[in-house]
Amino acid sequence: MNAEIFSNQFWEEAWENDENTQDKRMKRAGLGNPDAPGFEKWAQNFNANSFTEKSQQRTARIIKCVEKQTGHLGDLSILDIGAASGVFSIPFAQQGAKVTSLEPSNVLHEMLNDNAKHYDVTLNTINQSFEDVDIAIIGQHDLVFASMCPAVTTWQAVNKAIEAAKKFVYVSLMAGPKENSVVDEITAFLGLESQPMTADMYYLLQLLYGNDYTYETLIERHTQHQDKSVEEVMQQLPTWLKEVEVELDESQLEEAQRYLEDKYGENVPVVTGGKFGKVLIHLEEEGE
């Protein structure tokens, strides 16, 4: 048996050197960059979808799960990393928590402040990235919360989150490759090979265990079923394909559109999702 696999250094280096993790793949594809063309439109759509009834039900489920382990959120100070437009920061504040929200995008930071006013809550918002923020300046918080945040996808970043926490750290990450039925169909139809992302959660769990942290974890598979017009699908298809490092030329895009029209007509059933992991790290010893 290879003794290296029991070494924390082995897993730290493996995570750092893996070129197929979500953050590295998205950066190579130019996705999620606040300065990239189209980001503002994406942010507007994200904000609109974050406060729908369905989205708020999902948020409430996650918050309830966290609260079962942390106790009443109103008693906590919370640092929300990558707060976006406030999908979690605002419900935390509505529970009475003292919330500091970190959001590096100017567009999302402005939406965050607008939403705080709309929902009549008080947030301490900071327009800065987690990578650049000084923990000595923002101080420690009872709960550090990072939900599907690209800024917390390395062991170094997780350690920084732990440094910023007094009691708990919550991190959610991909726990398997993303699923997209249209991507699977089109790549198979064109005879192309997609490259699924590595699950960051795999590395995180190895390192938490190896470093003797107390934590709870939950791995779930979620899927979303939607009917989209062929036009909508073709607008989103290049971005979806970038995530699996596939790029189509004009001829292939035309082939893909004809395939979808011939098979489905006007509306295409789209199934997206994947496996997602949630980890709550306990930093206090039992009995404290």
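None of the values given here were measured: they were computed from a predicted structure.

Caption draft 1: Geometry of the packing of helix α9 (residues 181-190) against helix α12 (residues 250-264). Packing of α9 against α12 brings their axes to within 11 Å, and their N-to-C directions diverge by 115°. Along this stretch, α9 crosses α12, giving a crossing that reads as right-handed. Across the interface between the two elements, E185, I186, F189 and L190 from α9 touch Q252, E255, A256, Y259, L260, K263 and Y264 from α12. Of the residues assigned to the contact of α9 with α12, the class counts are seven nonpolar, one polar and three charged.

Caption draft 2: Examining the pairing of strand β5 (residues 165-174) more closely. Within β5, eight of the ten residues are buried, which leaves the element mostly enclosed by the surrounding structure. As judged from the six bridges shared by strand β4 (residues 141-147) and β5, these two strands associate in the parallel manner. Counterpart to A146 in the pairing with β5 is V171. With helix α8 (residues 155-163) bridging β4 and its parallel neighbour β5, the resulting β-α-β unit is right-handed. Bridge analysis of β5 against strand β8 (residues 267-282) gives seven bridges, and the strand direction is antiparallel. Bridged to F168 within β8 is H282.

Caption draft 3: Molecular detail of the pattern of salt bridges. Across all of its chains, the model carries eight salt bridges by this definition. Of the charged contacts in the structure, one is a salt bridge between R25 and E245, with a shortest N-O distance of 3.5 Å. Of this pair, R25 sits in helix α2 (residues 22-29) while E245 sits in the loop between α11 (230-242) and α12, placing them 220 residues apart in sequence. Relative accessible area serves as the criterion here: at 0%, R25 is assigned to the buried category. For E245, a relative accessible area of 38% corresponds to the partly exposed category. The salt bridge partner of R221 is E179, with a shortest N-O separation of 2.7 Å. Placement of the pair is R221 in strand β7 (residues 214-229) and E179 in strand β6 (residues 179-180), with a sequence separation of 42 residues. Residue R221 is classed as exposed on the basis of its relative accessible area of 54%. Here E179 falls in the partly exposed class, since its relative accessible area comes to 26%. Here the salt bridges do not stand alone but share partners, grouping E19, R25, R28 and E245 into one network.

Cut-offs applied
Residues numbered from 1 in each chain as written. Predicted model: local features only at pLDDT ≥ 70, side-chain atom pairs only at ≥ 80, totals over all residues. Heavy atoms only, no water. Axes fitted to C-alpha atoms, helices over the stretch in contact; angles between N-to-C directions. Helix = DSSP H or I, 4+ residues; strand = E, 2+ residues; numbered from the N terminus. Left-handed = near helix turned anticlockwise from the far one by under 90°. Contact = heavy atoms within 4.5 Å. Nonpolar A, V, L, I, M, F, W, Y, C, P; charged D, E, K, R; others polar. Buried < 20%, exposed > 50% of the residue type's maximum accessible area, 1.4 Å probe, protein only. Pairing = 2+ DSSP bridges. Right-handed = clockwise from strand over helix to strand, strands pointing away. Salt bridge = Lys/Arg side-chain N within 4 Å of Asp/Glu carboxyl O.

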